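Geometric and topological summary
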Amino acid sequence: MGGRKMVTPFLLLLVASSLLQIWASDPWFYESFDEPFEGRWIVSEKDDYQGLWKHSKSDGHEDYGLLVSEKARKYAIVKELDGPITLKDGTVVLQFEVRLQNGLECGGAYLKYLRAQETGWVPKGFDNESPYSIMFGPDKCGATNKVHFILQHKNPKTGKFVEHHLKFPPSVPYDKLSHVYTAILKPDNELKILIDGEEKKKANFLSADDFEPALFPPKTIPDPEDKKPEDWDERAKIPDPDAVKPDDWDEDAPMEIEDEEAVKPEGWLDDEPEEIDDPEATKPEDWDDEEDGEWEAQKIDNPKCEAAPGCGEWKKPMKHNPAYKGKWHAPLIDNPNYKGIWKPQEIDNPDYFELDKPDFEPIAAIGIEIWTMQDGILFDNILISTSEKVAESYRADTWKPKYEIEKEKQKAEDAAAASPSDGLSGFQKEVFDVLYRIADIPFLEAYKIKIIDVIEKAEKQPNLTIGVLVAIMVVVATIIFGALFGRRKPQAAAAPATETKNAGAAETDAAGSSEEREVNGKDDDASAPRTSRSRKKT
């Protein structure tokens, strides 16, 4: 009898443990879209959202999803949860699938995990102003190409919500296959972003290096009441008050003068124009002189000038004037009254706060509110769970089989599109994968869009693969070289009293030249091709 009494509690404990594991393995929320969404998901009735949602199969599969069916539309749809889901305790996993069946040139494909709305709010009123706790998912348009993770966090001092954006988020996969996006929120404040089960980003919610702006405001701020004293001198250099312009300094001398020693080249055709009427041009039959004006034949280069050194009136060329010195400026000297750049004093920030972990708002609903130029965006298998293992099992059961089928189909299409003599298709695919990884390097963020644009264009011309690889390597090397050496300025030699330009002007001329050349490197072409159309005289 004593043995039975000991076994009974043990069995009860085992059963309770099993039930607990089963309960823990169940997701808090899961939407497979196997059944039509009408009645469960509510489409916004706001005037801006005219996009038509459809319950549709994924291309090539029997699996259904929620489809963005029209181009150039705004879409909004929301699903209220049975009860709020807290994000404060333990691990929370947010996961969903998206397939960009027609690609994504400009549009979003992210989810909004909404917090509790104001009294009187109804799902049919869902729009971009509806407050959320987390926004997560792909977004691509213009300079934007990222998998967003944005946290709206409440400042306990002010009561205001502030958006905190994940820094250097991963890029959106460039193909048209199904992809699964996973955000794992850990109790130790760690955030992990996975794409197709592979970790792409790790961050800490409390780190200023990982979120912009940082979750906690700065401890001190500039005093808004502090004012710069009237006698505060911020000029590091001033013109030398004792300097005097030399007597022989001619400010009126021109920069260029006529070259008196120049001689007209032999064979110059003074009486020939540089352009002549095209002898083969004919007046169009429908030309009306009264409406169109007097017709003139289009001009062409004078063929006689091609063999001669030049045509038309010859003029002596200009040359640099050795007597030119420009406007005189007194040389700069150290300012004896210089006090440095003024800054207001720092005071304690009244909005500053600290927490051991983020104060996440509970999730009350899940919404999709996007604007997109592409149709064919398919959402599927939206999951909220407390278990990374559960999320992994859903990926294996719902996403992986579809992805493998799509990948094999894509390989077959690529092989069919490649020429029979092309033996580099597999190598090219690996090269492009490497190039996309290079584009994700954080210090190349400013050039990311340009690099991806070059890669995408090259994919359409696979015979250029090696050339593109070399070109991008050159760009990367140039950026690294510029980062290491581009900002170093040569130390200017001491300027004599008769310096043409003051030192401040010289520094201004030198500074910014490399960046300006990079942005404005394409000069206007003075010799643009002439128009080939006939002209009107009105």
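Look up: the structure comes first, before these words.
Here's what I pulled together on the structure shown here. (Residues numbered from 1 in each chain as written. Predicted model: local features only at pLDDT ≥ 70, side-chain atom pairs only at ≥ 80, totals over all residues. Heavy atoms only, no water.)

1. Focus on the overall build of the protein
- Each helix and strand counted, the protein has nine helices and 27 strands in total.
- Here the protein, with 538 residues, has 35% of them falling under the buried criterion.
- Contacts in the protein between residues far apart in sequence, at least 24 positions, make up 75% of those at least 6 positions apart.
- Of the roughly 33,600 Å² that the protein leaves accessible, carbon and sulfur atoms contribute 52%. (Helix = DSSP H or I, 4+ residues; strand = E, 2+ residues; numbered from the N terminus. Buried < 20%, exposed > 50% of the residue type's maximum accessible area, 1.4 Å probe, protein only. Contact = heavy atoms within 4.5 Å. Areas by Shrake-Rupley, 256 points an atom, 1.4 Å probe, with all protein chains shown as cover.)

2. Some words on the state of the cysteines
- Applying the stated criterion across every chain, the model contains two disulfides.
- Across the disulfide from Cys-106 sits Cys-141; the S-S distance is 1.7 Å. Judged by the sign of its S-S torsion, about -75 degrees, the bond between Cys-106 and Cys-141 is left-handed. Pair noted here: Cys-106 is in the loop between strand S6 (92-100) and strand S7 (107-108) and Cys-141 is in strand S9 (residues 132-141), with a separation of 35 residues, a long-range link. (Disulfide = S-S within 2.5 Å.)

3. A short note on the pattern of salt bridges
- The tally for this structure, following the rule as stated, stands at 27 salt bridges.
- Between Lys-283 and Asp-289 there is a salt bridge, and its shortest N-O distance comes to 3.1 Å.
- With relative accessibility at 40%, the residue Asp-289 sits in the partly exposed group.
- When salt bridges that share partners are traced, they join Asp-63, Glu-97, Asp-380 and Lys-402 into one network. (Salt bridge = Lys/Arg side-chain N within 4 Å of Asp/Glu carboxyl O.)

4. Regarding the packing of aromatic side chains
- Taken as a whole and judged by the stated rule, the model has 12 aromatic pairs.
- Taken together, a centroid distance of 6.0 Å and an interplanar angle of 55 degrees make the contact between Phe-149 and Phe-205 tilted. Of this pair, Phe-149 sits in strand S10 (residues 144-154) while Phe-205 is found in the loop between strand S14 (198-204) and strand S15 (211-212), placing the two residues 56 residues apart along the sequence. As far as burial versus exposure is concerned, Phe-149 and Phe-205 are alike and both buried. (Phe/Tyr/Trp six-rings, centres within 6.5 Å; stacked < 30°, edge-to-face > 60°.)

5. Digging into the side chain of His-179
- As for its position among the elements, His-179 is in strand S12 (residues 178-185).
- Within the structure, His-179 has its side chain in polar contact with the side chain of Asp-196 (distance 2.7 Å). (Polar contact = N/O pair within 3.5 Å; in protein donor to acceptor, adjacent residues only side chain to side chain.)

6. Some thoughts on the nonpolar core
- In terms of nonpolar packing, the biggest core is built from 59 residues, with Tyr-113, Phe-136, Phe-149, Leu-185 and Phe-379 touching the most fellow members.
- Top element by residues in this core is strand S5 (residues 73-85). It accounts for six residues.
- Of all hydrophobic cores here, the second largest spans 14 residues; its members include Val-431, Phe-432, Ala-439 and Ile-479. (Core = buried A, V, L, I, M, F, W, Y, C linked by side-chain atoms within 4.5 Å.)

7. Details of the environment of Glu-404
- Here Glu-404 lies in helix H4 (residues 388-417).
- Owing to a relative accessible area of 32%, Glu-404 belongs among the partly exposed residues under this scheme.
- Distance from Glu-404 to Leu-177, taken between C-alpha atoms, is 9.4 Å for residues 227 residues apart in sequence.

8. Topic: empty space enclosed by the protein
- Scanning the model with the defined rule gives two cavities of 30 Å³ or more in all.
- One number sums up the size of the largest cavity: a volume of about 70 Å³.
- Contributing to the lining of the largest cavity are Leu-87, Lys-88, Gly-90, Leu-185, Lys-186, Pro-187, Asn-189, Phe-205, Lys-357, Pro-358 and Phe-360.
- In this structure, the second largest cavity occupies an estimated 40 Å³ of space.
- Along the walls of the second largest cavity sit Ser-58, Asp-63, Glu-97, Val-98, Arg-99, Ser-178, Leu-378, Asp-380 and Lys-402, which together make up its complete lining.
- If you list the elements that add at least two residues to the lining of the second largest cavity, you get S6 and strand S26 (377-385). (1 Å grid on protein atoms, 1.4 Å probe; cavity = no way out; pocket = protein on both sides within 12 Å on 5 of 7 lines; lining within 4 Å. Points joined across faces, edges and corners; volume = space filled by probe spheres on them.)

9. Comments concerning the environment of Gly-60
- In this structure, Gly-60 sits in the loop between strand S3 (53-57) and strand S4 (64-68).
- Using a relative accessible area of 61% as the deciding quantity, one classes Gly-60 as exposed.

10. Considerations on the environment of Ala-297
- Within the secondary structure layout, Ala-297 lies in the loop between strand S20 (294-296) and strand S21 (299-301).
- Judged by relative accessible area, which is 9%, Ala-297 ranks as buried.
- Separated by 20 residues in sequence, Ala-297 and Asp-277 place their C-alpha atoms 5.6 Å apart.

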